[in-house]
Amino acid sequence: MPDNFIHKLTERLKEDLPGACAQNKMSPSVRFTGKVIPNTNKTRESSVLILFYLKDNTLYIPFIQRSRYDGPHSGQISLPGGKFEPQDKNLLETALRETWEEIGVRPDKMQILGNLTSTYIPNSNYNVTPYIAYLPEEPNFILDSFEVANIIEAQVAQLIAPETIDLFVKKVNGVQVEAPFFNINNHQIWGATAMIISELKELITTIDTIPSNSCNAHNGQESR
């Protein structure tokens, strides 16, 4: 059953993507909460990896909680990834390299499925391209303690369940923000990461079979 799902997702990724329309369903009311308006002429390219892996016959995706530091993504929950470096051949290699460095999953064990629509992050002035890969086994995560404080394992079926979505209103860098988020084991996945997963969710809900032993797939769309 997982192989069938992965095959269908791979084929779906070759078609037109839902794009910004799907991403914006999980967009915060205010996307820029910084103090200095970013110079979009100096936007950096970056990429992240959505890694499907099999654990107890259930598909999961790992998220990372960033370590605390003096920067725009301190303590945030995100997908493994980072900025394009000169030694990288392309953005896919960036995502694979960063995943290897941050959570210790070897690229040569993965099956690359495709990519989603890139999204712009105003606070860091990064343009992020998400790639999708599959690992038919549970990874042995080895965390980079400098960059990663924790791994959050999310069941795919849990991510697409309507009851997983919640809404917060709070001040972020002194700016009042209303934002939908994915509540995964009491962790709030919001912002650009939630927008990326929102597009993935829209793709998944067009696929018949979602392997899971504890959650039900949802084939509709929820309102914010």
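Described in the following lines is the structure provided in the data block. (Residues numbered from 1 in each chain as written. Predicted model: local features only at pLDDT ≥ 70, side-chain atom pairs only at ≥ 80, totals over all residues. Heavy atoms only, no water.)

This paragraph deals with the overall build of the chain. For the chain, the count of helices and strands is five helices and 11 strands. When burial is assessed residue by residue, the chain has 50% of its 224 residues classed as buried. In the chain, of all internal contacts separated by at least 6 residues, the share reaching a separation of at least 24 is 69%. About 10,800 Å² of surface is accessible on the chain, with carbon and sulfur atoms providing 46% of the total. (Helix = DSSP H or I, 4+ residues; strand = E, 2+ residues; numbered from the N terminus. Buried < 20%, exposed > 50% of the residue type's maximum accessible area, 1.4 Å probe, protein only. Contact = heavy atoms within 4.5 Å. Areas by Shrake-Rupley, 256 points an atom, 1.4 Å probe, with all protein chains shown as cover.)

For the rest of this paragraph, the subject is the packing of aromatic side chains. Applying the stated criterion to the full structure yields five aromatic pairs. Summarising the aromatic geometry, the rings of Tyr53 and Tyr60 are spaced 5.8 Å apart at their centres and angled 20 degrees between planes, so their arrangement reads as stacked. For the pair formed by Tyr53 and Tyr60, the shared burial category is buried. Between Tyr53 and Phe141, the aromatic rings sit 5.7 Å apart at their centres with planes inclined by 80 degrees, giving edge-to-face as the arrangement. Note that Tyr53 is positioned in strand E1 (residues 44–55) and Phe141 in the loop between strand E7 (126–135) and strand E8 (148–155), a separation of 88 residues in sequence. Feature note: the residues Tyr53, Tyr60 and Phe141 constitute an aromatic cluster, connected by ring pairs. A cation sits over an aromatic face here: Lys55 above Tyr60, 5.4 Å from the ring centre. Over the face of the ring belonging to Trp100 we find Arg106, whose NZ or CZ atom lies 5.8 Å from the ring centre. (Phe/Tyr/Trp six-rings, centres within 6.5 Å; stacked < 30°, edge-to-face > 60°. Lys NZ or Arg CZ within 6 Å of the ring centre and 35° of its normal.)

This paragraph deals with the pattern of salt bridges. Enumeration according to the criterion identifies 11 salt bridges in this entry. A salt bridge links Arg97 to Glu98; the shortest N-O distance between them is 3.3 Å. The same class applies to Arg97 as to Glu98, namely buried. Across the pair Glu101 and Arg97 runs a salt bridge, and its minimum N-O distance is 3.4 Å. One end of the pair is Glu101 and the other is Arg97, both in helix H3 (residues 91–103) and four residues apart, which spans about a single turn. According to the relative accessible area criterion, Arg97 is buried, its value standing at 15%. The structure contains a network of salt bridges with shared partners spanning Asp88, Arg97, Glu98 and Glu101. (Salt bridge = Lys/Arg side-chain N within 4 Å of Asp/Glu carboxyl O.)

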